[in-house]
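Chain and residue survey
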Amino acid sequence: MPSQTVPVGSRIGLHARPAALIAAAVGKAGVPVTLATVGGAEVDAGSPLMIMTLGAKVGTEVVVSSEDPAVLEQIAGMVASDLDAE
C-alpha cells in the first residue's frame, strides 16, 4: 500500500482533537487509511481512539498509508499540520 512518512505537527501530539479531526476526514473519504509510528503496528485512522493509542507526540514520525493517492496526501497533510491551531 502506498505510504508517506510525516512528522506530527500538533503541539500536543495526536491527542483527542487532532485524532477526531483526522478520523472524521478518513470517514468522509470512505477509503481505508492506516497510521503507524515508524516500526510500530498500523492502526485504523478512521478511529480516534486507535489514533490516540499511537502515543505520537509533536515531531514523531508517522507512516500514513492508503490506496487512494489524494486521500493519502490529505491525511498526511493533516498529521503534519498543527490541528490545535485551527
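Preceding this section is the structure that the text describes.
Residues numbered from 1 in each chain as written. Predicted model: local features only at pLDDT ≥ 70, side-chain atom pairs only at ≥ 80, totals over all residues. Heavy atoms only, no water.

**Things to note about the pairing of strand β4 (residues 61–66)**
The buried count for β4 comes to five of six residues, which makes it a mostly enclosed element. Of the strand pairs in this sheet, strand β1 (residues 3–7) and β4 are connected by five bridges, and their pairing is antiparallel. Opposite Pro 7, over in β4, you have Glu 61 as the bridge partner. Inspection of the sheet shows strand β2 (residues 33–37) paired to β4 by five bridges, in the antiparallel sense. Paired with Thr 34 across the strands is Ser 65, a residue of β4. (Buried < 20%, exposed > 50% of the residue type's maximum accessible area, 1.4 Å probe, protein only. Helix = DSSP H or I, 4+ residues; strand = E, 2+ residues; numbered from the N terminus. Pairing = 2+ DSSP bridges.)

**Remarks on the packing of helix α1 (residues 16–29) against helix α3 (residues 69–80)**
At their nearest, the axes of α1 and α3 sit 10 Å apart, and the two run at 170 degrees to each other. Classified by the interaxial angle, the pair formed by α1 and α3 is roughly antiparallel. Of α3, the residues touching α1 (which contributes Leu 21, Ile 22, Ala 25, Val 26 and Ala 29) are Val 71, Gln 74, Ile 75, Met 78 and Val 79. (Axes fitted to C-alpha atoms, helices over the stretch in contact; angles between N-to-C directions. Parallel < 35°, antiparallel > 145°, perpendicular 65-115°, else oblique. Contact = heavy atoms within 4.5 Å.)

**Let's talk about α3**
When the terminal C-alpha atoms of α3 are compared, their 16 Å separation across twelve residues agrees well with the 16 Å that a helix rising 1.5 Å per residue should span. If you check which residues of α3 are buried, you get Val 71, Leu 72, Ile 75, Ala 76, Met 78 and Val 79. The arc that holds the buried residues of α3, viewed along the axis, is 160 degrees, so those residues lie on one side. What points out from α3, more than 90 degrees from its buried face, is the exposed set Pro 69 and Ala 70. Buried residues along α3 sit against β1, α1, β2 and β4. Where α3 begins, the capping side chain belongs to Asp 68, and its oxygen is found 2.9 Å from the backbone nitrogen of Ala 70. (Expected span 1.5 Å × (residues − 1). Arc of directions from axis to C-beta. Polar contact = N/O pair within 3.5 Å; in protein donor to acceptor, adjacent residues only side chain to side chain.)

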